[in-house]
Protein chains: 2
Amino acid sequence: MTAETPEPPSLTVYRLLRRAIIEQALLPGARLPEDAIGEQFGVSRTLVRQSLGRLEAEGLVETRRNRGAFVAEPSLEEAKQIFEVRHVLERDVIDRLIRRISVIGLDSLEAHVVQEERVRGKNGPVSIRLAGEFHILLAELSGNAVLARYVSELVSRCSLILAMYRRRHSTDCAVDEHRQIIRALRERDPEAAKKIMDDHLGAVAGRAELEEPGEDLETVLARYGREMTA
Amino acid sequence: MTAETPEPPSLTVYRLLRRAIIEQALLPGARLPEDAIGEQFGVSRTLVRQSLGRLEAEGLVETRRNRGAFVAEPSLEEAKQIFEVRHVLERDVIDRLIRRISVIGLDSLEAHVVQEERVRGKNGPVSIRLAGEFHILLAELSGNAVLARYVSELVSRCSLILAMYRRRHSTDCAVDEHRQIIRALRERDPEAAKKIMDDHLGAVAGRAELEEPGEDLETVLARYGREMTA
DNA sequence: CACGAAAAAATAGTATACAATTTTTTGGAT
DNA sequence: ATCCAAAAAATTGTATACTATTTTTTCGTG
């Protein structure tokens, strides 16, 4: 009789907004008016506001006093700093995994990559999310929850950065690089794994060019809001 | 004519609660009832709730569904993980500082240590806070704001850990070790600096023993609430 | 006196209401 | 037509009100 407590609506709002941002349905700079969001999700501004506050703490949202919330627009400087910290943390993740990863862990990584491959080219937004979640899974397998949380946060913010400073999303390369990381882990080769990780992350840091704004808020939230009411 | 926008009350509540926790005026496990806090600070539950939410995201507060908020009680496992990530991040801070720290930066570190020395033994809570702020200052001088934010968060959580798993607060040693770090930075000696940092952090990770609960909430918040109304 | 069920009180979760600020619109003067 | 000021609308920030859950108290029974 596990009571199966349902997810509290406050969390749902947070989670859906987060996903909309990470999947780049809400692009950097997009306004996030409290009542419009609340209406779409069928909740009051109270919960929306809480969610926005939390997203702000994570760096996915910026709020201007008396002026509302916007999807964050990390500057190039911020972007550089985020990637630098990712480097530091993910190198440590690799170190830990080399020492402790189990067969089960490797299997779950493989399974994830298979999933990535399955949607490759078919569903852009989901590809973006899955690519990030591979890194989060790595961090979680490291066994250090604190480390995993920070990696997760930085990976999310990288989604924003990619949305701003990259021509087109080409996840094709990523899936391949992910496989390479798994192989290096399987062979317990820390230098190879770190090298791949460095390349994988470093390649992104040196580009620039913007995109056009996305669809309007209603359309986006209607899509993400379905999960709320259902 | 810089307009000097005053701090919004929501931020003030957050900041004061945070300080009360970090200075160990509110000990791990202490209940944090929303209306009692709001009454003390002269604000509604709305703002208290926002603050508690943010503190929860930072790991300083834990909330149990329909049961309220408490000052977090990190387990020994969590504590270990926090110190591990601190190690990784602060070693990187040192690396950066060796490369880039200016005379002005070194001076501000010196100034901070002087301040630490001034209150040594006289004001326990402030000593605790200042000891942590030395590490935060180091991280800020590294020039990477993302890195600084994470170090800051972890340092705060360490305050909780010390409150739970340490016999008595002996900041005497810390001040001395802080001086040693400054010296190593001045001499551009990365290995020495990292060695000291490792010892400094590592020394704490291997102890255990609990303390007794603290004073009641009202007394504590009356002290911290002064800044709110003034 | 101990125990347990029901009632009461307390407290968290959410929605609504109100105040303050910002943005947009309007209308007149140049 | 353009610009500027004043009014209106929209939106945020905060407080209050209401609902649901949890905790405490009460009180009857074994």
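Residues numbered from 1 in each chain as written. Chains lettered and ligands numbered in written order. Predicted model: local features only at pLDDT ≥ 70, side-chain atom pairs only at ≥ 80, totals over all residues. Heavy atoms only, no water.

**Details of the protein's contact with DNA strand D**
Then, number 1: Not every one of the 17 residues close to DNA strand D is listed here, only the nearest: Arg45(A), Arg49(A), Pro9(B), Ser44(B) and Thr46(B).
Then, number 2: Within the contact set of DNA strand D, a base nitrogen lies 2.8 Å away from a side-chain nitrogen or oxygen of Arg45(A).
Then, number 3: Here a phosphate oxygen of DNA strand D sits 3.3 Å away from a polar atom, N or O, in the main chain of Asn66(A).
Then, number 4: Listing elements by their share of the surface near DNA strand D, those giving two or more residues are helix H3 (45–57) of chain A together with helix H1 (9–22) and helix H3 (45–57) of chain B. (Near = heavy atom within 4 Å. Polar contact = N/O pair within 3.5 Å; in protein donor to acceptor, adjacent residues only side chain to side chain. Helix = DSSP H or I, 4+ residues; strand = E, 2+ residues; numbered from the N terminus.)

**Focus on the nonpolar core**
Then, number 1: Leu89(A), Leu138(A), Leu185(A), Leu89(B), Leu138(B) and Leu185(B) are the most contacted members of the largest nonpolar core, which has 78 residues in total.
Then, number 2: Excluding residues that lie within four positions of it along the chain, Leu89(B) makes contacts with Val85(A), Val88(A), Leu89(A), Leu147(B), Tyr150(B), Val151(B) and Leu154(B). (Core = buried A, V, L, I, M, F, W, Y, C linked by side-chain atoms within 4.5 Å. Buried < 20%, exposed > 50% of the residue type's maximum accessible area, 1.4 Å probe, protein only. Contact = heavy atoms within 4.5 Å.)

**A few points about the sheet that holds strand E1 (residues 31–32) of chain A**
Then, number 1: Pairing in this open sheet of three strands is antiparallel, and the strands run E1-E3-E2 (chain A) from one edge to the other. Bordering the open sheet on either side are E1 and strand E2 (61–64) of chain A, each of which pairs with just one other strand. (Pairing = 2+ DSSP bridges.)

**Regarding the interface of chain A and chain B**
Then, number 1: Taken together, the contact pairs 25 residues of chain A with 24 residues of chain B.
Then, number 2: When the buried area of chain A at its contact with chain B is split by residue, Gln81(A), Val146(A) and Tyr150(A) rank highest and sum to 25% of it.
Then, number 3: Linking chain A with chain B are four salt bridges.
Then, number 4: Across the pair Glu153(B) and Arg149(A) runs a salt bridge whose closest N-O atoms are separated by 2.4 Å.
Then, number 5: Sorting the residues of the side of chain A that touches chain B by element identifies H3, helix H4 (76–100) and helix H7 (145–165) of chain A as the ones contributing at least two each.
Then, number 6: Residues of the side of chain A that touches chain B, tallied by class, amount to 12 nonpolar, four polar and nine charged. (Buried area = accessible area lost by both parts, 1.4 Å probe. Salt bridge = Lys/Arg side-chain N within 4 Å of Asp/Glu carboxyl O. Nonpolar A, V, L, I, M, F, W, Y, C, P; charged D, E, K, R; others polar.)

**Some remarks on the sheet that holds strand E3 (residues 68–71) of chain B**
All names here are of chain B.
Then, number 1: Read from one edge of the open sheet, three strands run E1-E3-E2, paired in antiparallel fashion. The sheet terminates laterally at strand E1 (31–32) and strand E2 (61–64), the two strands that pair on one side only.
Then, number 2: With respect to the sheet, H3 is in contact with E1, E2 and E3, its orientation differing from that of E2 by roughly 110°. (Axes fitted to C-alpha atoms, helices over the stretch in contact; angles between N-to-C directions.)

**Re unusual backbone geometry**
Keep in mind that most residues, glycine aside, have a negative phi and that most peptide bonds are trans.
All names here are of chain B.
Then, number 1: Residues other than glycine seldom take positive phi values, yet glutamine 24 does so here, at roughly 65°.
Then, number 2: Position of glutamine 24 among the secondary structure elements: in the loop between H1 and E1.
Then, number 3: For arginine 188, which is not glycine, the phi torsion reads 50° and is therefore positive.
Then, number 4: Position of arginine 188 relative to the elements: it lies in the loop between helix H8 (172–186) and helix H9 (190–205).
Then, number 5: The class of arginine 188 is partly exposed, set by a relative accessible area of 38%.

**A closer look at the relation of the copies chain A and chain B**
Then, number 1: Placing chain A over chain B gives an RMSD of 0.0 Å and needs a rotation angle of 180°, together with 0.0 Å of translation along the axis. Taken together, the turn and the small shift mark the pair as related by a two-fold rotation axis.
Then, number 2: Here 96% of the interface residues in chain A have copies in chain B that are interface residues too; the copies meet face to matching face. (Least-squares fit on C-alpha atoms with pLDDT ≥ 70 in both.)

**A few points about the protein's contact with DNA strand C**
Then, number 1: By nearness alone, 17 residues border DNA strand C, and Pro9(A), Ser44(A), Thr46(A), Arg45(B) and Arg49(B) come closest of all.
Then, number 2: Sugar plus phosphate, as a fraction of atoms of DNA strand C within 4 Å of the protein: 70%.
Then, number 3: Contact between DNA strand C and Thr46(A): a base nitrogen at 2.8 Å from a side-chain N or O atom of the residue.
Then, number 4: Secondary structure elements with two or more residues in the surface near DNA strand C: helix H1 (9–22) and H3 of chain A together with H3 of chain B.
Then, number 5: At three residues, the largest contribution of residues to the surface near DNA strand C is made by H3(A).

**Some remarks on the packing of H1(A) against H3(A)**
Residue and element names in this part refer to chain A.
Then, number 1: Packing of H1 against H3 brings their axes to within 9 Å, and their N-to-C directions diverge by 50°. One way to sum up the angle between H1 and H3 is to call them oblique. For the pair H1 and H3, the crossing hand works out as right-handed. On H3, the residues touching Pro9, Ser10, Leu11, Val13, Tyr14, Leu17, Arg18 and Ile21 of H1 are Leu47, Val48, Gln50, Ser51, Leu52, Arg54 and Leu55.
Then, number 2: Residue classes in the contact of H1 with H3 are distributed as 10 nonpolar, three polar and two charged. (Parallel < 35°, antiparallel > 145°, perpendicular 65-115°, else oblique. Left-handed = near helix turned anticlockwise from the far one by under 90°.)

**Side note on the confidence of the model for chain A**
Then, number 1: Looking at chain A as a whole, its pLDDT mean stands at 86, while 83% of the residues score no less than 70.
Then, number 2: For the stretch residues 207–214 of chain A, pLDDT sits under 50, and the model shows 17 contacts to residues farther than four places along the chain or on other chains. (pLDDT = per-residue confidence, 0-100.)

**Regarding the side chain of Glu90(B)**
Residues and elements named next belong to chain B.
Then, number 1: With respect to the element layout, glutamate 90 can be found in helix H4 (residues 76–100).
Then, number 2: Assessed through its relative accessible area of 1%, glutamate 90 is described here as buried.
Then, number 3: Apart from the residues within four sequence positions on either side, glutamate 90 is in contact with His135, Val151, Met197 and Leu201.

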